[in-house]
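Coordinate inspection notes
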Amino acid sequence: MSALAKTDKSPKNKTIDFFLESAEGNRLFSRCVPGDSKERFLPDEVRDRILFGDSLDIARRLPAGFADLLIADPPYNLDKRFHGYTFHEMAYEAYESYTEEWIRSVKPLLSARASVYVCCDWKSSSAVERVLSRHFTIQNRITWQREKGRGALHNWKNAMEDIWFCTVLPEDFTFNVEAVKSRRRVVAPYRTDGKPKDWEETDDGKFRNTFPSNFWDDISIPYWSMAENTAHPTQKPEKLLAKLILASSNPDDMVYDPFMGSGSTAVTAKKLGRHFCGSEMNGQYCAWAQKRLEMADEDSSIQGYSGGVFWERNSLSEQKKQG
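The text that follows walks through the structure, step by step, so that each part is easy to find. (Residues numbered from 1 in each chain as written. Predicted model: local features only at pLDDT ≥ 70, side-chain atom pairs only at ≥ 80, totals over all residues. Heavy atoms only, no water.)

**Observations concerning the overall build of the protein**
Across its full length, the protein carries nine helices and 18 strands. Put simply, the protein has 323 residues, and 50% of those count as buried. Within the protein, contacts between residues at least 6 apart in sequence are counted, and of these 67% link residues at least 24 apart. Here the protein displays about 16000 Å² of accessible surface, and carbon together with sulfur accounts for 50% of that area. (Helix = DSSP H or I, 4+ residues; strand = E, 2+ residues; numbered from the N terminus. Buried < 20%, exposed > 50% of the residue type's maximum accessible area, 1.4 Å probe, protein only. Contact = heavy atoms within 4.5 Å. Areas by Shrake-Rupley, 256 points an atom, 1.4 Å probe, with all protein chains shown as cover.)

Encoded structure:
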């Protein structure tokens, strides 16, 4: 590409979409660590760093047992272009073998009490589940209602994604349920002696903080007016990552993402006081991730999460907070 910047956007469009060949792209990419720079990394060398290179090759060089939480968003089993790279749909058995390969590469990197989250769509979910069940204890399957796309003429609109939740050990693992409560609007408030029972009344309405379920309908896909948005085609929202990170790690824990993309896991971990390590084979995405990490130094807010709770999508308070 010959252009150094994209200037045809609306002033209100906050999407991160500069070219790797630009001065800013080169500056940010230079902060990444080459994944093939040495035979074996020490923990201090990868803490809070982005590693550029193939995730399988990098995993073989990372320290054993260094990660307290693994969050993986591998390519789904469909044809998809990723700014110069293309992932091609495989036969079911081939995709299961691909999943087995990368799971085997990252498993030695997990601490004894680590948790694992793997994102997938409905077509790849069964293959992912089969592999995970061979290596970990499956604790749950989260379904995220992502609400994107215009639908199809001859099929049901695909508006859901799965996130498999696993642990290294069947019982001894971190789960901070109080840290991931959802703020829900009360439809039929109940009172005892004239006082609210398990809910509170605010200027914006009546709310209660509820325990989280495995169905998430409160998270929007990043869009053009959000500061976290990039031109990555399958970017995960920071709000989604915040739930996983707060529930299954503690401050100063290490969060590892072998398919980092434009950096949502790393950025969210940084905002929440965790350490991070991510690997990515696309230099363009590495630069975007570094830009977002730089922005997090100035703004550590996460859209949809405030006051220690996760707010409903498009709630009045959330609109005020973001407005």
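**Here we look at the packing of helix 7 (residues 264–271) against helix 8 (residues 283–296)**
Two elements in contact, helix 7 and helix 8, have axes whose closest approach is 9 Å; the angle formed by their N-to-C orientations is 15°. Between helix 7 and helix 8, the angle is such that the two are roughly parallel. For the pair helix 7 and helix 8, the crossing hand works out as right-handed. Packed against helix 7, whose contacting residues are Ser264, Ala266, Val267, Lys270 and Lys271, the element helix 8 presents Ala289, Arg292, Leu293 and Ala296 at the interface. Per-class residue counts for the contact of helix 7 with helix 8 are five nonpolar, one polar and three charged. (Axes fitted to C-alpha atoms, helices over the stretch in contact; angles between N-to-C directions. Parallel < 35°, antiparallel > 145°, perpendicular 65-115°, else oblique. Left-handed = near helix turned anticlockwise from the far one by under 90°. Nonpolar A, V, L, I, M, F, W, Y, C, P; charged D, E, K, R; others polar.)

**Overview of the sheet that holds strand 7 (residues 137–145)**
Strand order in the open sheet made by the nine strands is 1-2-16-15-3-6-8-7-14, with mixed pairing throughout. Looking at strand neighbours, the two that pair on one side only are strand 1 (33–34) and strand 14 (215–216), the edges of this open sheet. As defined by bridge partners, strand 3 (residues 67–72) adjoins strand 15 (residues 254–257) across two bridges and the pair is classed as parallel. For Leu69, the partnering residue across the bridge sits in strand 15 and is Val255. The sheet strands contacting helix 5 (residues 122–135) are strand 6 (110–120), strand 7 and strand 8 (160–167), and the helix crosses strand 8 at an angle near 0°. With respect to the sheet, helix 7 is in contact with strand 3, strand 15 and strand 16 (275–280), its orientation differing from that of strand 16 by roughly 170°. (Pairing = 2+ DSSP bridges.)

**Things to note about the pairing of strand 16**
Judged by how many residues are buried, strand 16 sits mostly within the fold: five of six residues are covered. Pairing geometry for strand 2 (residues 49–52) and strand 16, over four bridges, is parallel. Looking at strand 16, one finds that Phe52 is bridged to Glu280. Sheet topology note: the strand 15/strand 16 ladder contains four bridges and is parallel. Looking at strand 16, one finds that Met254 is bridged to His275.

**Overview of helix 7**
The buried count for helix 7 comes to seven of eight residues, which makes it a mostly enclosed element. Turning to helix 7, its buried residues are Ser264, Thr265, Ala266, Val267, Thr268, Ala269 and Lys271. Residues of helix 7 that are buried in the fold lie against strand 3, helix 6 (238–248), strand 15, strand 16 and helix 8.

**Comments concerning the nonpolar core**
General note: in soluble globular proteins, nonpolar side chains tend to be found buried as a group. Of all hydrophobic cores here, the largest spans 42 residues; its most connected members are Leu51, Leu62, Phe66, Trp102, Leu132, Tyr256 and Cys277. For this core, the elements supplying multiple residues, two or more each, are helix 3 (55–59), strand 3, helix 4 (92–106), strand 6, helix 5, strand 8, strand 15 and helix 8. Those residues in contact with Cys277 that sit more than four places away from it in its chain are Val46, Arg49, Leu51, Leu62, Phe66, Met254, Val255, Tyr256 and Asp257. Within the second largest apolar cluster, 37 residues are counted, among which are Ile142, Ile219, Leu246 and Ala289. (Core = buried A, V, L, I, M, F, W, Y, C linked by side-chain atoms within 4.5 Å.)

**Here we look at helix 6**
Side chains of residues three or four places apart in an α-helix project in the same direction, reflecting 3.6 residues per turn. Across the eleven residues of helix 6, eleven count as buried, placing the element largely inside the fold. Burial in helix 6 covers these residues: Glu238, Lys239, Leu240, Leu241, Ala242, Lys243, Leu244, Ile245, Leu246, Ala247 and Ser248.

**Quick word on the side chain of Asn77**
Position of Asn77 among the secondary structure elements: in the loop between strand 3 and strand 4 (80–82). Polar side-chain contacts of Asn77 include one of 2.7 Å to the backbone nitrogen of Met90. (Polar contact = N/O pair within 3.5 Å; in protein donor to acceptor, adjacent residues only side chain to side chain.)

**Focus on the packing of aromatic side chains**
Scanning all chains against the criterion turns up eleven aromatic pairs. Between Phe165 and Phe173, the ring centres sit 6.1 Å apart and the planes meet at 80°, which makes this aromatic pair edge-to-face. Comparing Phe165 with Phe173, the two get one shared label, buried. Put simply, the rings of Tyr117, Phe165, Phe173 and Phe175 pair up and form one aromatic cluster. Across the ring face of Phe310, the terminal group of Lys243 is positioned such that the distance to the ring centre comes to 5.4 Å. (Phe/Tyr/Trp six-rings, centres within 6.5 Å; stacked < 30°, edge-to-face > 60°. Lys NZ or Arg CZ within 6 Å of the ring centre and 35° of its normal.)

Shape descriptors only; they carry no functional weight alone.
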